[in-house]
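# Structural characterization, general
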Amino acid sequence: MERWLIDTDPGVDDALAIMMAHRLPGISVCALTLAAGNVGIDHTTANALKLLDILNVDTPVHVGAPVPLVRSANDAAFVHGLDGFGDIGYTPSKRFAEAEHAVQAMIRLARLHAGELNMIMLGPLTNLALALCLEPALPNLVKRLVIMGGAVTGHGNTERLPAEFNTGFDVEAAHIVFSRWPRFDLVDWEATLAHGVPIAELDGWLSADTDEARFYRAISRKTRTWMSRERNPTHWVAADALAMAAALRPESARDWQERALRVELDGALTRGATVVDWSGRMGWPVNARILMRYDQAGFGDTIRTALGANTTPG
Ligand code: BDR
Ligand code: CA
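Structural notes, computed from the coordinates. Values in this document were obtained by computation on a predicted structure and should not be read as measured data.

Glancing now at the site of ligand 1. Close to ligand 1 lie 13 residues; Asp 13, Asn 38, Asn 157, Glu 164 and Asp 240 are nearest. One of the side-chain nitrogen or oxygen atoms of Asn 166 is found 3.0 Å away from an oxygen atom of ligand 1. In this structure, Asp 240 approaches ligand 1 through a side-chain N or O atom, which is 2.6 Å from an oxygen atom. Here ligand 1, which alone exposes 280 Å², has 95% of that area covered by the protein. When contributions to the shell around ligand 1 are tallied by element, the ones reaching two or more residues are α1 (12-23), α7 (165-169) and α12 (239-248). Looking at the shell around ligand 1, its residues break down into 5 nonpolar, 4 polar and 4 charged.

The pairing of strand β6 (residues 184-187) with strand β12 (residues 288-294) spans 3 bridges and is parallel. Counterpart to Leu 186 in the pairing with β12 is Ile 290. Here strand β9 (residues 253-259) runs beside β12; their pairing, made up of 6 bridges, is antiparallel. The partner of Arg 259 across the bridge, within β12, is Ala 288.

Inspection of the secondary structure puts Val 197 in strand β7 (residues 197-198). Sequence-wise, Val 197 and Asn 166 are 31 residues apart; in three dimensions their C-alpha atoms are separated by 22 Å. Apart from residues lying up to four places away in sequence, Val 197 is in contact with Leu 202, Trp 205, Thr 234, His 235, Trp 236, Gln 296, Phe 299 and Ile 303.

Here we take up the side chain of Thr 33. Structurally, Thr 33 is set in strand β2 (residues 27-34). With near-sequence residues (within four places) excluded, Thr 33 lies in contact with Leu 5, Ile 6, Asp 7, Thr 8, His 62, Ala 102 and Met 106.

Proximity of charged atoms lets side chains of opposite charge pair with each other. In this structure the tally under the stated criterion is 16 salt bridges. For Arg 144, the salt bridge identified is with Asp 185, shortest N-O distance 2.8 Å. Here Arg 144, found in strand β5 (residues 142-148), pairs with Asp 185, found in strand β6; they are 41 residues apart in sequence, far enough to count as distant. Neither residue differs from the other here; Arg 144 and Asp 185 are each classed as buried. Counted as one network, the salt bridges with shared partners bring together Asp 53, Asp 58 and Arg 95.

About the cut-offs
- Residues numbered from 1 in each chain as written.
- Chains lettered and ligands numbered in written order.
- Predicted model: local features only at pLDDT ≥ 70, side-chain atom pairs only at ≥ 80, totals over all residues.
- Heavy atoms only, no water.
- Near = heavy atom within 4 Å.
- Polar contact = N/O pair within 3.5 Å; in protein donor to acceptor, adjacent residues only side chain to side chain.
- Areas by Shrake-Rupley, 256 points an atom, 1.4 Å probe, with all protein chains shown as cover.
- Helix = DSSP H or I, 4+ residues; strand = E, 2+ residues; numbered from the N terminus.
- Nonpolar A, V, L, I, M, F, W, Y, C, P; charged D, E, K, R; others polar.
- Pairing = 2+ DSSP bridges.
- Contact = heavy atoms within 4.5 Å.
- Salt bridge = Lys/Arg side-chain N within 4 Å of Asp/Glu carboxyl O.
- Buried < 20%, exposed > 50% of the residue type's maximum accessible area, 1.4 Å probe, protein only.

Laid out in structure tokens, this is it:
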């Protein structure tokens, strides 16, 4: 079994990624650690607990930092709904989060499963940056780190043009992680855009007769409507789901590029931009393996499996 810790700010695309991790064979999710991002920490916590009800699993949930490290940031409620799950008015879960803080859980689990724990970051990097400050040896303990974040060709998806949401929400945290973690996998916003799922196909999967598909159909309705109006009328994108697919099924990745990547902290126009030394002329240490291309059919298989809409991919 591969052991994974998921740091997340659910969030509609986070929800699909979390479902994927709990439904793909051979994966053990040892904790959800929660970030603020798409919406506030109270909502991301309630959403994570509700999702575990739908999945009928007892994954421990640890609440993390409620605000970015230094500067405040706008949430993404206009995409995910005011509650982060499409404002469907779901009945809240009766579960509780663990008493242990997300940052302490990360460090404890990394020490407990030294060399075996994989981590995936689906939200702003606040918790991981704090964990790195408390335990600088964390990269030696963790087997693989996958980050959904950044926009490596500068398109971005926030009100600051080049910044991607997770990186732009807590830029200082991203700086700490990118400058102190020697080698991580990055699934960025531009890879996300290049791997849209045809809406007709998605609609078919969402009509499956499973609790997962029913819940996901409901919570994603608002954001699907918003996305087809504002972004792409024919294809639906899910950043965190693509990151999770690349994390759990790396054999379906078709192109990774290894480069040095940093984040702009101060630019008047570019705060939050991820800067990649594509031609290697700066002499910066290479720290990121950037996903450029992923097998589209393989990505679809992981989504169908998450929703219970197919037979399990091989
Ligand atoms: C990222 O930002 C959030 O809105 C999504 O959940 C995803 O993690 C995409 O930029
Ligand atoms: Ca997210």
